[in-house]
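Spelled out, the chains give:
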Amino acid sequence: IWNSIWCTFITIMTIGYGDFYPITSFGRIIMICSVLGGLVLLSTLVSTLNSILNMTDDELTVTNILISIN
């Protein structure tokens, strides 16, 4: 059961080609924690960049006015 859970997790996360992989159960637990931590950090980065780059309603209004002038 644990090997099937591990293989499913690795397949879903598409971590790599299997060149390096943990063999022990403790190593696999550490790997799962590090992958989930990496996903959290990456999603936080993407979310932050998205909120920074989105225009507010006032900025959109000014942009539309400037575009219509040209």
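It should be emphasised that the depicted structure is a prediction, and the values quoted were computed from it without experimental measurement.

Caption draft 1: Representation of the layout of surface pockets within the structure. What the largest pocket holds in volume is close to 170 Å³. Lining the largest pocket are Trp2, Asn3, Ile5, Trp6, Ser25, Arg28, Ile29 and Ile32. Put simply, the parts of the chain that give the lining of the largest pocket at least two residues each are helix H1 (2-13) and helix H2 (25-53). Among the residues making up the lining of the largest pocket, the classes are represented as 5 nonpolar, 2 polar and 1 charged.

Caption draft 2: View of a nonpolar patch on the surface. A grouping of Leu42, Leu45, Val46, Leu49, Ile52 and Leu53 is seen on the molecular surface, where their side chains present a nonpolar patch of about 620 Å² in accessible area. Following the sequence through the fold, leucine 42 ends up in helix H2.

Caption draft 3: Inspection of the side chain of arginine 28 at higher detail. Here arginine 28 is to be found in helix H2. You can call arginine 28 buried: its relative accessible area is 18%. For arginine 28, the contacting residues outside a window of four places in its chain are Asn3, Trp6, Pro22 and Ile23.

Caption draft 4: Focus on H2. Over its 29 residues, H2 extends 42 Å from the first C-alpha to the last, a length consistent with the 42 Å expected when each residue adds 1.5 Å. For H2, the complete set of buried residues consists of Gly27, Arg28 and Val35.

Criteria and thresholds
Residues numbered from 1 in each chain as written. Predicted model: local features only at pLDDT ≥ 70, side-chain atom pairs only at ≥ 80, totals over all residues. Heavy atoms only, no water. 1 Å grid on protein atoms, 1.4 Å probe; cavity = no way out; pocket = protein on both sides within 12 Å on 5 of 7 lines; lining within 4 Å. Points joined across faces, edges and corners; volume = space filled by probe spheres on them. Helix = DSSP H or I, 4+ residues; strand = E, 2+ residues; numbered from the N terminus. Nonpolar A, V, L, I, M, F, W, Y, C, P; charged D, E, K, R; others polar. Patch = residues over 30% accessible without salt bridge, like charges linked within 9 Å, V, L, I, M, F, W, Y side chains within 5 Å. Areas by Shrake-Rupley, 256 points an atom, 1.4 Å probe, with all protein chains shown as cover. Salt bridge = Lys/Arg side-chain N within 4 Å of Asp/Glu carboxyl O. Buried < 20%, exposed > 50% of the residue type's maximum accessible area, 1.4 Å probe, protein only. Contact = heavy atoms within 4.5 Å. Expected span 1.5 Å × (residues − 1).

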